[in-house]
Amino acid sequence: MNARIFIFLLLTLTLVSCVPDETSSARVTGEGHLRKLVDRPWMSGWRGARLVELRLVRSKSGLPWGQSPDAWWAKIVGPKGGIGHLAWEAKPPGRVLEFFVDELQAFATEEGGALAGVPALQQFPIRTENGPAASGCVPTAGASLMDYWIARGAGKWAGVPTETARDRILRIRERLKYRTIPDIYGFTDGSMALTGAFTEDLARNLYRDARERGVELSVGMTDFMFETLRREITLGRPTLASCVVPLPQKPELTWGHEVVCVGWAEVGGARFVGVIDNFFPVRNPGAVRWIAEDKFRELVVVGIVR
């Protein structure tokens, strides 16, 4: 072999061998994030957890709610067999976008807090003349918050004694200006249409619905502010919030979503909002999904006037 060709091939192989494997680099970043998480006192039961099924997710284009940044998603497996997930941006520095562990969490520390007892209602299909449609994230989140206060002195808000949580979701849904959206994207596996409504309309109709049933309610709506959320959680009051986030079980799909906020946390200088997601089936209903604060748009603050 010509000496020059040999040297060229040797240099090429050397350069290739020095290029870091993208997945290996991402795993190092993810494991660093996981160590910081499990070092929190309220995550101590997950020390020794590991990441598996690491994959790079690119948000599907053409969605009406926009796209999420390319991100690495990994499954968390806890030391006692619990599961969860962790997602971080693919581009440097790879900040954490969200994390979740499938266990109930209620705590109050200087770096975070989470409320217990907020009913984890999930969306369900409703029969319509055009086929099944989802109950909708807006009324479902609203009913979760209603049920929290019904169990804490606002029993009149429940309506008749035989009324169920599903009945309350439908009651609020019918008060809203909503539209059904054919699910051509695959959020629901094509089994039902999506239901869209506005946060402002929800806030207004929660107030009206409560007053009609003799419940004095204070309702305020604002752009999302982390300090407001922290104050409300500290006072024992869950809030409602709109956000634009991936569907955790199909993270390539991003949508506008309404959730109940039950917590706040600061981890490694980043701030996260703890929510109960009404389109996320989990082993332990009420397990908290933690999402980066910049994914949130509007906040509805609700309190019972004693």
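Source: prediction; values computed, not measured.

### Notes on the pairing of strand β12 (residues 239-247)
Argument step 1. Most of β12 is tucked away, with 8 of its 9 residues classed as buried.
Argument step 2. As paired strands, β12 and strand β13 (residues 250-267) are joined by 9 bridges and run antiparallel to one another. Within β13, the position partnered with Ala241 by the bridge is Val259.
Argument step 3. Connecting β12 to the antiparallel partner β13 that follows it, the hairpin turn spans 2 residues.
Argument step 4. With 5 bridges connecting them, β12 and strand β16 (residues 296-304) associate as antiparallel partners. Paired with Leu240 across the strands is Val300, a residue of β16.

### Observations concerning the packing of aromatic side chains
Argument step 1. Tallying each qualifying case throughout the model produces 15 aromatic pairs.
Argument step 2. Ring geometry for Tyr185 versus Phe187: centroids 6.1 Å apart, planes at 75°, classification edge-to-face.
Argument step 3. The class of Phe187 is buried, set by a relative accessible area of 2%.
Argument step 4. Consider the rings of Phe187 and Trp255, whose centres lie 4.6 Å apart with planes at 5°: the pair is stacked. With Phe187 in the loop between β9 (179-181) and β10 (194-196) and Trp255 in strand β13, this residue pair connects regions lying 68 residues apart in the sequence. A single burial state applies to Phe187 and to Trp255, both of which are buried.
Argument step 5. One residue, Arg152, lies across the ring of Tyr148, its end atom 3.8 Å from the ring centre.
Argument step 6. We note Arg173 situated over the ring of Tyr178; from NZ or CZ to the ring centre the distance is 4.3 Å.

Calculation notes
Residues numbered from 1 in each chain as written. Predicted model: local features only at pLDDT ≥ 70, side-chain atom pairs only at ≥ 80, totals over all residues. Heavy atoms only, no water. Buried < 20%, exposed > 50% of the residue type's maximum accessible area, 1.4 Å probe, protein only. Helix = DSSP H or I, 4+ residues; strand = E, 2+ residues; numbered from the N terminus. Pairing = 2+ DSSP bridges. Phe/Tyr/Trp six-rings, centres within 6.5 Å; stacked < 30°, edge-to-face > 60°. Lys NZ or Arg CZ within 6 Å of the ring centre and 35° of its normal.

Distances and angles like these do not, on their own, reveal function.
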